[in-house]
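For reference, the chains in residue letters:
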Amino acid sequence: MQKKHYMSFHSLEAILSKLNSFQQQCCLFSGCTDVGVMLRNGLIKAELLLDCKNIPDLYGIEINNSHLIIKANESFSRISNNSLIKKIFPLLANASLSVGSPAIRNRATLAGNINTASPAGDGLIVAYGLEAKIELKSINSSRLVRIDHYISKTKTTDRRDDELITAIHFPLKQWTFQKFFKIGKRNALAISVVNGIVALQLDKNKMIEDVRIALGAVAPTPIRVKEAELFLKGKTLSMELANNIDNIIRSKISPITDIRASANYRKYISGVLVKRQLLDALEGQ
Amino acid sequence: MSTSFFLNGVLVEATSNKTTPLLKVIRDEFFLTGTKSGCETGECGACLVLLDDIAVNSCLVLLGEIEGKTITTIEGLNKDGILDQVQVAFAELGALQCGFCTPGMIIAAKALLMHNPHPTRDEILIGLSGNLCRCTGYEQIVEAVESILPYRTK
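Just so it is clear, the structure is predicted and the values come from calculations on it, not from any experiment. (Residues numbered from 1 in each chain as written. Chains lettered and ligands numbered in written order. Predicted model: local features only at pLDDT ≥ 70, side-chain atom pairs only at ≥ 80, totals over all residues.)

For chain B, the helix and strand inventory stands at five helices and five strands. Ordered by position from the N terminus, the helices and strands of chain B form the series β-β-α-β-β-β-α-α-α-α. Taken over the C-alpha trace, chain B has a radius of gyration of 15 Å; the compact-globule value for 154 residues is 15 Å, and the two agree within 12%. Principal-axis analysis of the C-alpha atoms places the extent of chain B at approximately 45 × 30 × 25 Å. Sorting the 154 residues of chain B into buried and exposed places 45% on the buried side. Across chain B, every contact between residues at least 6 apart in sequence was considered, and the portion connecting residues at least 24 apart equals 57%. (Helix = DSSP H or I, 4+ residues; strand = E, 2+ residues; numbered from the N terminus. Rg over C-alpha atoms; globule rule 2.2 N^0.38 Å. Buried ≥ 20, exposed ≤ 12 C-beta atoms within 10 Å, placed from the backbone. Contact = placed C-beta atoms within 7 Å.)

Put into structure tokens, the structure is as follows:
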């Protein structure tokens, strides 16, 4: 293995100006749980490894106007334990608890999970379903990118070489029902066979005012099943409606067969999982 | 350039490249072979150590990251030769078969109890969920952790 160089940064200005002036490719990391594996497998081409973990500005979970903002260095352990997140977005707290193992969650970050852009990322699918925006900064620019624009294809993002993810912005919304779900070979340390979220905003007569359905590991990137959302919107939540949703989900996704599951199984179970959420919502769970 | 950190209470200087996994540094530079090398990809938990009292997979920590930090390995759990109560419980209840996963299991249990002094059985299962025992001796391991709980002060 070629020798790599490690650099740690203690301020945002310092790392952004380095990113701006570097001519060589570099690899940014915080928790090192993905980068560490890639390094071992010789998959990191960059010679310079830049550690963002010691930048204080990249810590914090706060509400700012209409968004919940999670800074880039926040680990899944801290996200799953955060009282604000447990209250506003319990599905994100639950998804965070399903990532890896306790030791992985102590270091792995949501920002890193999003940037790895795996089709099966458990934190990523929540960000996808809740229409999160990615905050990217460079020395002379700052922008917010919708997550479905940020991740264009498998393991590919819209980040420029001089940019750093600084935070994830989640639009605040009063969801009546919100659930993260996942099927894996085992609970810990298993990549999802299918994961996803269902979020519903219901009026007092259980009419569906707004709905989000997102699924992971059934396409090259996480997806929103917009046809199913359209089908549900404006209708009253009922047993009959729930019984119709599984076939709609199955007709709108085209998963592949891989080492973890067959395409048919993924298609079938996706329908079951979404239907189950609607039934749970109906029972007020 | 060397990296300074506290290893089991002693300030040490490691001379490996800063992108070397901590696991390799602990075993090959300091000859502390209690920390086991299993999958080297964060999936088995055999290499767990405490980094400032938080359990981490040492195979996924780079040496450069721990400058000035405190690392505790299985060798550092005893106090003046007296075993930690988690170590005693594992020995007393025979919570091991081949023993390869034991250091990682004990570190995981120690970290769990440091942050949650009275875990439920489910919480113990989650706390140990990142550690694989290929002998599948999980039952005794969970029992060993549970056996400590009555002796802990609220």
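Here we come to the overall build of chain A. Along chain A, the regular secondary structure elements total twelve helices and 14 strands. Of all 285 residues assigned to chain A, the portion counted as buried reaches 48%.

Residues and elements named next belong to chain A. Across the interface, helix H5 (residues 90-97) lies against helix H8 (residues 122-129) with an axial gap of 8 Å and an inter-helix angle of 160 degrees. Considering their axes alone, H5 and H8 lie roughly antiparallel with respect to each other. For the crossing formed where H5 meets H8, the hand is right-handed. The residues of H8 that touch H5, namely those facing Leu91, Leu92, Ala95 and Ser96, are Asp122, Gly123, Ile125 and Val126. Residues that form the contact of H5 with H8 fall into these classes: five nonpolar, two polar and one charged. (Axes fitted to C-alpha atoms, helices over the stretch in contact; angles between N-to-C directions. Parallel < 35°, antiparallel > 145°, perpendicular 65-115°, else oblique. Left-handed = near helix turned anticlockwise from the far one by under 90°. Nonpolar A, V, L, I, M, F, W, Y, C, P; charged D, E, K, R; others polar.)

Turning our attention to the interface of chain B and chain A. Counting from both sides, the interface comprises 23 residues of chain B and, opposite them, 22 residues of chain A. Here the residues of the side of chain B that touches chain A sort into nine nonpolar, ten polar and four charged.

Residue and element names in this part refer to chain A. Among all positions in helix H1 (residues 12-21), only Ile15, Leu16 and Leu19 are buried. The arc that holds every buried residue of H1, seen down its axis, measures 95 degrees, which confines them to one face. Those residues of H1 that are exposed and angled more than 90 degrees off the buried face are Glu13 and Ser21. Against the buried residues of H1 lie strand S3 (48-51), strand S6 (133-138) and strand S10 (164-171). (Arc of directions from axis to C-beta.)

This part covers the sheet that holds strand S11 (residues 177-183) of chain A. All names here are of chain A. Reading across the sheet, the four strands line up as S11-S12-S13-S14 and stay open at both edges, with antiparallel pairing between neighbours. Only two strands of the sheet have a single neighbouring strand rather than two, namely S11 and strand S14 (223-224). Pairing between strand S12 (residues 194-202) and strand S13 (residues 208-216): eight bridges, direction antiparallel. Paired with Leu202 across the two strands is Ile208, which belongs to S13. Helix-sheet contacts for H5 involve S11 and S12, and the interaxial angle to S11 is about 15 degrees. (Pairing = 2+ DSSP bridges.)

Moving on to the domain arrangement of chain A. Taken domain by domain, chain A holds domain 1 (5-51), domain 2 (58-171) and domain 3 (177-282). Between the C-alpha centres of domain 1 of chain A and domain 3 of chain A the distance comes to 36 Å. (Domains from an automatic or database assignment.)

On to the nonpolar core. Formed by 124 residues in total, the largest nonpolar core has its most connected members in Cys52(A), Val126(A), Ala127(A), Ile168(A), Ile107(B), Ala108(B) and Ala109(B). In terms of residue count, helix H3 (residues 102-115) of chain B provides more of this core than any other element does, eight residues in total. Leave out the neighbours within four places in its chain, and Ile168(A) touches Ile70(A), Leu110(A), Ala111(A), Ile114(A), Ala127(A), Ala132(A) and Ile134(A). (Core = buried A, V, L, I, M, F, W, Y, C linked by C-beta atoms within 7 Å.)

The next subject is the domain arrangement of chain B. Residue and element names in this part refer to chain B. For chain B, the assigned domains are domain 1 (3-75) and domain 2 (85-151). Taking only C-alpha atoms into account, the centre of domain 1 sits 21 Å from that of domain 2. The interface is formed by 14 residues belonging to domain 1 together with twelve residues belonging to domain 2. Taken together, the elements giving at least two residues each to the side of domain 1 that touches domain 2 come down to strand S3 (48-51) and strand S4 (54-57). If you tally residues by element for the side of domain 1 that touches domain 2, the top one is S3, at three residues. Each residue belonging to the side of domain 1 that touches domain 2 can be placed in one class, and the counts come to nine nonpolar, three polar and two charged.

All names here are of chain A. Taken together, the five strands give an open sheet; going across it, the order is S4-S5-S10-S6-S7, and neighbouring strands pair in antiparallel fashion. Since the sheet does not close on itself, it has two edges, and those belong to strand S4 (61-64) and strand S7 (141-146), each with one partner. For this sheet, the mean angle separating the axes of adjacent strands, direction not counted, is 25 degrees. For S6 and S10, the ladder comprises five bridges, and the chain directions are antiparallel. Paired with Glu135 across the two strands is Ala167, which belongs to S10. Each of S6 and S10 touches H1; the most contacted strand, S6, lies at about 75 degrees to it.

The next point concerns the pairing of strand S2 (residues 26-29) of chain A. All names here are of chain A. Bridging between S2 and S3 involves four bridges; their strand directions are parallel. Opposite Leu28, over in S3, you have Leu50 as the bridge partner. Crossover S2 to S3 through helix H2 (residues 35-40) is right-handed. (Right-handed = clockwise from strand over helix to strand, strands pointing away.)

We now examine unusual backbone geometry. All names here are of chain A. Here Lys155, not a glycine, exhibits a phi torsion of approximately 55 degrees, which is positive. Among the secondary structure elements, Lys155 is positioned in the loop between strand S8 (151-153) and strand S9 (156-157). Judged by the 12 C-beta atoms lying within 10 Å of it, Lys155 is exposed.

This part covers helix H5 (residues 138-148) of chain B. Considered for burial, the residues of H5(B) that qualify are Ile141(B), Ala144(B) and Val145(B). Down the axis, H5(B) shows its buried residues gathered within 95 degrees of arc, on one side only.

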